[in-house]
Every structure is written in C-alpha cells, then in structure tokens.
Amino acid sequence: AQRVTQPEKLLSVFKGAPVELKCNYSYSGSPELFWYVQYSRQRLQLLLRHISRESIKGFTADLNKGETSFHLKKPFAQEEDSAMYYCALSATDSWGKLQFGAGTQVVVTP
Amino acid sequence: EPEVTQTPSHQVTQMGQEVILRCVPISNHLYFYWYRQILGQKVEFLVSFYNNEISEKSEIFDDQFSVERPDGSNFTLKIRSTKLEDSAMYFCASSFGGLTGYTFGSGTRLTVV
C-alpha cells in the first residue's frame, strides 16, 4: 500500500527566510509525486509535478528515490506563500487516484 | 481558464437524509473523481469514474455512496442515508486522461446534524 507522510503540521517562517516542507513516501513501484497548495479555503491547486521539473512561484522539489522523499523548498518565503501544502502520490497501477499526505500549514510572518 | 464547478458550496442535512452533491467537470475531460476531507484530516480518495462506470473506489465508498453522470455534463455523488461522520468537505476533480489536466473543484462542505 502507498503512504505519504508529511511530518510537520505547521511551519512558521519569517518573510525572506528559506522554507522546506518535508514529504516522504512509501511505494514499491515508480510513483508520480505532486505538491498541491490550498490558499485559505480555496480549491486545491497543483503547484509542482515531479516529472515536469519546473519551478513554480519560486518553489522546487526534487524526487530522491533513495530516501523516498519529495521535499518542497523555497529560498525566500513571501507572505503570499501562507497556505496549506499537500504532498500527493499517484501509483502507476492506479489511474488518476491521488494519495495525499496530511498537509503542512505554512505561515509566513513579516 | 476552465474550472470544475461544485454546487452547493455548503449543505446542511439531517442525519438519515439522502444528499446529492453536484459537480460540473471540465467539458472535454473523461475521468472524474470524488475526494473528501474531514475537518483537520487529510484529503481522501473516494472514487474514480470513467466511461460511465466506476474505475476504482476506496474502502470509504461503501453501499451508502453512489456516483452518476446523468446527462453528460454533471457528475453527482449521492449519499443515501447520511451519518454524522459524513460531515466533511467533498471535492470533485476531473482530468482529460489519468493525471493530464487534473483539476479540482472548490468543494462542497457537507454538515450532517
């Protein structure tokens, strides 16, 4: 069975400081991994997908298969980054089903 | 930008009543999903739907739940006899194929009293 773990429920950082959100997964195959963001009771929005290897809003995430991790990083946090962040996994044998982590609430203070 | 639309945004229902949550997926999408999020907990997969049938469902999706695409544009989730523990935010999502264009709706908050 797949599992996604986000160990931090809450991350409080100062504006301009680096931020790293941890995500670890367990899955025996080759997963697709995602980061979703949810701003203040809005819809879930895709932030990053590991296969695209993009940087969105200054965020990056690298899939480390050895450590089974997909941590999200941003070098300089902004106040508008305050949101709920969810790591999600899609297994190769589950067409379109997303398995979410518990989420990390990020609060950026000025 | 195309959106997945969910109605209503908030529904209050009495325990034991039937409730139907409605979703209008993006028009050229072929795969449809329901998720739920109990307050303070993670987002959980309920069911996926393709070609007018359920592709996959979770343990949560028991006989009390059903899904339907009645008219080619709406995608509904029915809970036959609601329980207090069904209170949650329910998210609909659609995609063109698998994970391509995967888009969530803004959710329906269901409160069972």
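The text that follows walks through the structure, step by step, so that each part is easy to find.

Residue and element names in this part refer to chain B. On the surface, a cluster of nonpolar side chains totalling about 270 Å² of accessible area is made up of Leu 30, Tyr 50 and Phe 96. For Phe 96, the position within the fold is in the loop between β9 (88-95) and β10 (103-104). Residue classification places Phe 96 among the partly exposed residues on the basis of a relative accessible area of 43%.

This model, assessed by the stated rule, comprises six salt bridges over all chains. A salt bridge links Arg 43 of chain A to Glu 3 of chain B; the nearest nitrogen and oxygen atoms lie 3.7 Å apart. Of this pair, Arg 43 of chain A sits in the loop between β5 (32-38) and β6 (45-49) while Glu 3 of chain B is found in the segment before β1 (5-7), placing the two residues in two different chains. Across the salt bridge formed by Lys 74 of chain A and Asp 81 of chain A, the nearest N and O atoms sit 2.9 Å from each other. Here Lys 74 of chain A and Asp 81 of chain A have matching classes, each one buried.

Right, let's talk about the nonpolar core for a bit. Ranked by internal contacts, the top residues of the largest apolar core, which has 26 residues, are Leu 21, Trp 35, Leu 47, Leu 72 and Tyr 85 of chain A. Secondary-structure elements contributing two or more residues to this core are β2 (10-14), β3 (19-21), β5, β6, β8 (69-74), β9 (83-90) and β11 (104-109) of chain A. When residues of this core are assigned to their parent elements, the largest contribution, four residues, is made by β9 of chain A. Of all hydrophobic cores here, the second largest spans 22 residues; its members include Val 4, Ile 26, Phe 32 and Cys 92 of chain B.

A few words now on the state of the cysteines. For the structure on display, the rule yields two disulfides over all chains. Covalent S-S linkage joins Cys 23 of chain A and Cys 87 of chain A, the inter-sulfur distance amounting to 2.0 Å. Torsion about the S-S bond of the Cys 23 of chain A and Cys 87 of chain A cystine: about -65°, corresponding to left-handed handedness. Of this pair, Cys 23 of chain A sits in the loop between β3 and β4 (24-26) while Cys 87 of chain A sits in strand β9, placing them 64 residues apart in sequence. Look at Cys 87 of chain A and you get buried, because its relative accessible area is 0%. Disulfide partner of Cys 23 of chain B: Cys 92 of chain B, at an S-S distance of 2.0 Å. Measuring handedness by torsion sign, the sulfur bridge of Cys 23 of chain B and Cys 92 of chain B sits at about -65° and is left-handed. Within this pair, whereas Cys 23 of chain B is found in strand β3 (residues 19-24), its partner Cys 92 of chain B is found in strand β9, the two being separated by 69 residues in sequence. Given a relative accessible area of 0%, Cys 23 of chain B falls into the buried group.

What counts and how
- Residues numbered from 1 in each chain as written.
- Chains lettered and ligands numbered in written order.
- Predicted model: local features only at pLDDT ≥ 70, side-chain atom pairs only at ≥ 80, totals over all residues.
- Heavy atoms only, no water.
- Patch = residues over 30% accessible without salt bridge, like charges linked within 9 Å, V, L, I, M, F, W, Y side chains within 5 Å.
- Areas by Shrake-Rupley, 256 points an atom, 1.4 Å probe, with all protein chains shown as cover.
- Salt bridge = Lys/Arg side-chain N within 4 Å of Asp/Glu carboxyl O.
- Helix = DSSP H or I, 4+ residues; strand = E, 2+ residues; numbered from the N terminus.
- Buried < 20%, exposed > 50% of the residue type's maximum accessible area, 1.4 Å probe, protein only.
- Core = buried A, V, L, I, M, F, W, Y, C linked by side-chain atoms within 4.5 Å.
- Disulfide = S-S within 2.5 Å.

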